[in-house]
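Spelled out, the chains give:
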Amino acid sequence: MRILKSVFLSALIASCSFANNDIQSNIQSILKDRTNLDFKVISSNSEPLRDAVFVVVESPSGERLSLLASKDGSYIVPITDGISSSTNSNSLKTAIQSVSKYNKDMNDKNVLSIFSKNPDSILKISSSSNTKRVIHMVLDTTCPYCLQEVKHIDDYLKNANVEILIVGILGQRAQERAAGYYAELPNAKSREQKIALLKKVFEADYKPTKSNAKLSNEMTSLVIGAGVNGVPYIIGR
């Protein structure tokens, strides 16, 4: 996926105008850093961009998308999040990041609403310290990156309360494991029982003996509807 994105970026690079060798070197350096591949700028041409404008559109759901469009609107190119070699700001970076931040803020609001409206479906684990800080996590038990977050749960709990919503978005096995988790969730009362349940359902050989597929499907659908398209999804870390 990272390689494909880089190939797409290299195609865009061929349409850009480079004022000096420093710009070319910077772009090649960024791609090398992100992909570990040696891309080479082979041409530059500013002519196609003279007829282009930067456009932001909004879908009926409220999600926004950055586009590069011809001035007559007959040709558009979706723009995903860019990559940067420094913290320096420029107008293009600011414009694209503002769209990304808007979408993230909207999705966070939608997800937090799910947490607040479905308290019985949330695994709430109190911190070992006296704090009001809360980290919200949306996790899938078959996701390796989610597993890494669970492995650090004790570290998170040193400085924050943690609330976890389990979903099954990565296939049939994920759905079955999530359904098993929700069947066991009502019995996890104490802090120790909650932590034990969380770690249990993330074990590679976890095979549920009970199931609450209805609740699992409901929570998964709500999260997808909130705009979450990848896990782990974490708010407040």
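Bear in mind the structure is a predicted one, so any value in this text is a computation, not a measurement.

Here we look at the sheet that holds strand β2 (residues 64–70)
Then, in step 1: Here we have three strands laid out as an open sheet, ordered β1-β2-β3, and antiparallel in their pairing. In this open sheet, the two strands that pair with only one neighbour each are β1 (52–58) and β3 (76–79). On average, adjacent strands in this sheet sit at an angle of 30 degrees to one another, irrespective of strand direction.
Then, in step 2: Pairing between β1 and β2: seven bridges, direction antiparallel. Bridge pairing in β2 links V53 to A69.
Then, in step 3: Where helix α3 (residues 91–117) meets the sheet, it contacts β1, β2 and β3, and its direction lies at approximately 145 degrees from that of β2.

Looking at the pairing of strand β5 (residues 134–140)
Then, in step 1: Taking burial as the measure, the seven residues of β5 include six buried ones, the bulk of the element.
Then, in step 2: Sheet topology note: the β5/strand β6 (residues 161–167) ladder contains seven bridges and is parallel. Bridge pairing links L139 to I166 in β6.
Then, in step 3: Pairing of β5 with strand β7 (residues 233–235), which is carried by three bridges, proceeds in the antiparallel orientation. Residue pairing for β7: V138 is matched across the bridge by Y233.

A closer look at the packing of helix α6 (residues 172–184) against helix α7 (residues 191–201)
Then, in step 1: Contact geometry of α6 with α7 gives a least axis separation of 11 Å together with a crossing angle of 165 degrees. Relative to α7, the element α6 is oriented roughly antiparallel. Considering only the axes of α6 and α7, their crossing is right-handed. Packed against α6, whose contacting residues are R177, Y181 and E184, the element α7 presents L197, K200 and V201 at the interface.
Then, in step 2: Looking at side-chain class alone, the contact of α6 with α7 contains three nonpolar, no polar and three charged residues.

Thresholds, definitions, all that
Residues numbered from 1 in each chain as written. Predicted model: local features only at pLDDT ≥ 70, side-chain atom pairs only at ≥ 80, totals over all residues. Heavy atoms only, no water. Pairing = 2+ DSSP bridges. Helix = DSSP H or I, 4+ residues; strand = E, 2+ residues; numbered from the N terminus. Axes fitted to C-alpha atoms, helices over the stretch in contact; angles between N-to-C directions. Contact = heavy atoms within 4.5 Å. Buried < 20%, exposed > 50% of the residue type's maximum accessible area, 1.4 Å probe, protein only. Parallel < 35°, antiparallel > 145°, perpendicular 65-115°, else oblique. Left-handed = near helix turned anticlockwise from the far one by under 90°. Nonpolar A, V, L, I, M, F, W, Y, C, P; charged D, E, K, R; others polar.

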